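Chain residues, written in single-letter form:
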Amino acid sequence: MVISNKPLRFLVAILVACLPLFSTANPVVDSAKVEVEAHEGAVAHEGKQEGAHAEPQDVKSEIKEFINHHLLDSHSFYFNADKETGEHYGFSLPIILWDNGLQVFSSAEFHHGPVADVAEHNGNFYKLHHEKIYKTDAKGTLTEAHGHPTNVRPLDLSITKSVIGILFVAILMLVLFSSLAKSYAKNGGIAKGAGRFFEPLVIYVRDEIAIPNIGEKGYKKYMSYLLTIFFFIFFLNILGLMPLGFNITGNITITLSLALLTYLITTFSANKNYWSHMLWMPGVPVLLRPVLALIELLGTIIKPFSLMIRLYANMMAGHVVLMSIIGLMFIFKSWIGSSLSFVLAFSLSILEILVAFLQAYIFTMLSSLYFGAGNEEHHHEEAHH
């Protein structure tokens, strides 16, 4: 499918032409007022105890704080918050720590204790700092070095917002594809219901990704993984576009886990031909073979690393750009600026749906290429070289 770039050029041209209007949209009095309010707010917070978080005092700081909060994983699931009353709407999640034994309590204790973001459990005190849990004293004191806390971090096994999203997608896939399999059995190989929408995607993964890259002889043993990884990434990417605060595929630990699975499957399912060509490459001088073996072994690590970074960077950048453009609607005081920001954010959201599918396709396609390389058959003509 070819997308014309003329509408995009038109939007960019209008945005550039209207920049002078945007720059003069905020009167000088309003800017001065914001600076005064920010100064007064800073003075009002001077008496607060150490470790308390200062609230952003202007719109730009609030937007930046909101974007940073969205990009991080969270130990609680809140949909909205009332700034005046400080009340949050949502629900808490379980905190599971291993600190001289299993420590289990609710994340609500971080917000309802006598000290901000400090929870007490079984005589231990824990502080939630940038969604990371540190062991502290009763006052929540954090010892910092080079701008980072040096307090002990217990092993965190908590059910976070990302875990909730992963479980939701896993259950959704189980229900959808179980019903698809049952509809095949009941209707003589004809899909019904929601399966009619997903059946073409399943066939596409099989006929356009698995068979061409792996081969008809060995593709079947990888189909379950390829289908799982394709729909898992695709559903997670779509979930990240919804206004629920999910940023799962923009979390590098998640993309690392997915890339590690591809690496392990490639490594342990590869045939002898794959390892013989890698460790003792035929057709090259003997002195160069150890050097090429080291390069090839390094390549086996670089390949999954590229999978991890590609998915993480694309989804993270998409979230940052989209939320920044949405934030412009609250910064511009003119209807022209806000309207253009809305149109641009809407257009980018449509593009992000395409990116969600594209990133799932690329991850699945490259994984199948690695599987195919690991199961490539030995060519007899190479023995004569």
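Residues numbered from 1 in each chain as written. Predicted model: local features only at pLDDT ≥ 70, side-chain atom pairs only at ≥ 80, totals over all residues. Heavy atoms only, no water.

An unreviewed UniProt entry annotates the protein as ATP synthase subunit a originating from Flavobacterium succinicans. Checking UniProt for the protein, the heading Sequence similarities (unreviewed entry) contains the comment "Belongs to the ATPase A chain family." (UniProt positions renumbered as here; feature names shortened; annotations may be inferred.)

Trainee: Tell me about the overall build of the protein, and name the residues and values.
Mentor: Of the regular secondary structure elements, the protein holds 11 helices and 10 strands. Across the 385 residues of the protein, 35% fall into the buried class. Of all intrachain contacts in the protein linking residues separated by at least 6 positions in sequence, the fraction that spans at least 24 positions is 58%. Just so you have it, the protein exposes about 23,300 Å², and 67% of that area is on carbon and sulfur atoms. (Helix = DSSP H or I, 4+ residues; strand = E, 2+ residues; numbered from the N terminus. Buried < 20%, exposed > 50% of the residue type's maximum accessible area, 1.4 Å probe, protein only. Contact = heavy atoms within 4.5 Å. Areas by Shrake-Rupley, 256 points an atom, 1.4 Å probe, with all protein chains shown as cover.)

Trainee: Which residues make up the sheet that holds strand 3 (residues 94-98), and what values go with them?
Mentor: As summarised here, the arrangement of the 3 strands in space is 4-3-10, forming an open sheet in which the pairing is antiparallel. If you trace the sheet from one side to the other, it starts and ends with strand 4 (102-106) and strand 10 (155-156), each paired once. Pairing of strand 3 with strand 10 involves 2 bridges; the strand directions are antiparallel. Looking at the pairing, Trp98 lines up with Leu155 of strand 10. (Pairing = 2+ DSSP bridges.)

Trainee: Outline the environment of Tyr361, supporting the account with residue identities and numerical values.
Mentor: Summarising the element assignment, Tyr361 is placed in helix 11 (residues 335-374). Along the backbone, Tyr361 and Ile233 are 128 residues apart, and their C-alpha atoms lie at a distance of 9.0 Å.

Trainee: Explain the UniProt feature "transmembrane region" (unreviewed entry) in the protein residue by residue, including any values.
Mentor: Feature annotation in UniProt places "transmembrane region" (unreviewed entry) on residues 163-181, 222-242, 248-265, 286-305, 311-332 and 339-362, given in this structure's numbering. A distance of 34 Å separates the end C-alpha atoms of residues 339-362, which is 100% helix and 0% strand.

Trainee: Which residues make up the sheet that holds strand 7 (residues 132-136), and what values do they have?
Mentor: The 3 strands lie next to each other as 5-6-7, forming an open sheet whose pairing is antiparallel. A single partner strand is all that each edge strand has here, and the edge strands are strand 5 (118-121) and strand 7. Mean inter-strand twist for the sheet, computed between neighbouring axes without regard to direction, equals 30°. Note that strand 5 and strand 6 (residues 124-129) share 4 bridges and pair antiparallel. The partner of Val118 across the bridge, within strand 6, is Lys127. (Axes fitted to C-alpha atoms, helices over the stretch in contact; angles between N-to-C directions.)

Trainee: Go over the pattern of salt bridges, please, and point to the residues and values.
Mentor: Think of it this way: side chains of opposite charge can pair up when their charged atoms draw near. Counted under the stated rule, the structure contains 2 salt bridges. Put simply, Lys135 and Asp99 hold a salt bridge, and the shortest N to O gap is 3.0 Å. Here Lys135 is found in strand 7, whereas its partner Asp99 is found in the loop between strand 3 and strand 4, with 36 residues between them in sequence. We classify Lys135 as partly exposed; its relative accessible area is 26%. (Salt bridge = Lys/Arg side-chain N within 4 Å of Asp/Glu carboxyl O.)

Trainee: Give me the lowdown on the packing of aromatic side chains, citing residues and values where you can.
Mentor: According to the stated counting rule, one finds 19 aromatic pairs in the structure shown. On the basis of an interplanar angle of 75° and a centroid distance of 6.0 Å, the ring pair of Phe198 and Phe231 is categorised as edge-to-face. Of this pair, Phe198 sits in helix 6 (residues 195-214) while Phe231 is found in helix 7 (residues 220-240), placing the two residues 33 residues apart along the sequence. Residue Phe198 is classed as buried on the basis of its relative accessible area of 10%. Ring geometry for Phe230 versus Phe234: centroids 6.4 Å apart, planes at 10°, classification stacked. You can see Phe230 and its partner Phe234 sitting in helix 7, 4 residues apart, about one turn around the helix. Here the two residues Phe230 and Phe234 agree in accessibility, since each one is buried. Through a chain of ring-to-ring contacts, the aromatic side chains of Phe177, Phe197, Phe198, Phe230, Phe231, Phe234, Phe235 and Phe357 assemble into a single cluster. (Phe/Tyr/Trp six-rings, centres within 6.5 Å; stacked < 30°, edge-to-face > 60°.)

Trainee: So what's going on with helix 9 (residues 272-279)? Which residues, and what values?
Mentor: Taken as a whole, helix 9 has its buried residues at Asn273, Tyr274 and Met278. Angular distribution of buried residues about the axis of helix 9 spans 130°; they occupy a single face of the element. Measuring from the side-chain oxygen of the N-cap residue of helix 9 to the backbone nitrogen of Asn273 gives 3.3 Å; that N-cap residue is Asn271. (Arc of directions from axis to C-beta. Polar contact = N/O pair within 3.5 Å; in protein donor to acceptor, adjacent residues only side chain to side chain.)

Trainee: An account of a nonpolar patch on the surface is needed here, citing residue identities and associated values.
Mentor: Together, Trp98, Leu102, Val104, Leu155 and Leu157 line one region of the surface with nonpolar side chains, adding up to about 520 Å² of accessible area. Here Trp98 lies in strand 3. (Patch = residues over 30% accessible without salt bridge, like charges linked within 9 Å, V, L, I, M, F, W, Y side chains within 5 Å.)

Trainee: I'd like to hear about empty space enclosed by the protein, residue by residue, with values.
Mentor: Empty space among the atoms becomes visible once a probe the size of a water molecule is rolled across them. Following the criterion strictly, the structure yields 3 cavities of 30 Å³ or more and no others. For the largest cavity, the full set of lining residues is Thr262, Tyr263, Thr266, Thr267, Tyr274, Thr300, Lys303, Pro304, Tyr370 and Ala373. If you list the elements that add at least two residues to the lining of the largest cavity, you get helix 8 (252-269), helix 10 (289-331) and helix 11. A breakdown of the residues in the lining of the largest cavity according to their chemical character gives 5 nonpolar, 4 polar and 1 charged. Its volume calculated, the second largest cavity comes out at about 50 Å³. Around the second largest cavity, the lining is made up of 11 residues, and of these Leu72, Asp73, Ser162, Asn247 and Ile248 lie nearest the centre. Breaking the lining of the second largest cavity down by element, the ones donating at least two residues are helix 4 (59-71) and helix 5 (161-186). (1 Å grid on protein atoms, 1.4 Å probe; cavity = no way out; pocket = protein on both sides within 12 Å on 5 of 7 lines; lining within 4 Å. Points joined across faces, edges and corners; volume = space filled by probe spheres on them. Nonpolar A, V, L, I, M, F, W, Y, C, P; charged D, E, K, R; others polar.)

Trainee: Give me the lowdown on the pairing of strand 3, citing residues and values where you can.
Mentor: Burial along strand 3 is one-sided: Ile95 and Leu97 are buried, while Pro94, Ile96 and Trp98, pointing the other way, are not. Across 5 bridges, the pairing between strand 3 and strand 4 is antiparallel. By the bridge assignment for strand 4, Leu97 is matched with Gln103. Taking the residues between adjacent antiparallel strands as the criterion, strand 3 and strand 4 are bridged by 3 residues, where Asn100 takes a positive phi near 55°.

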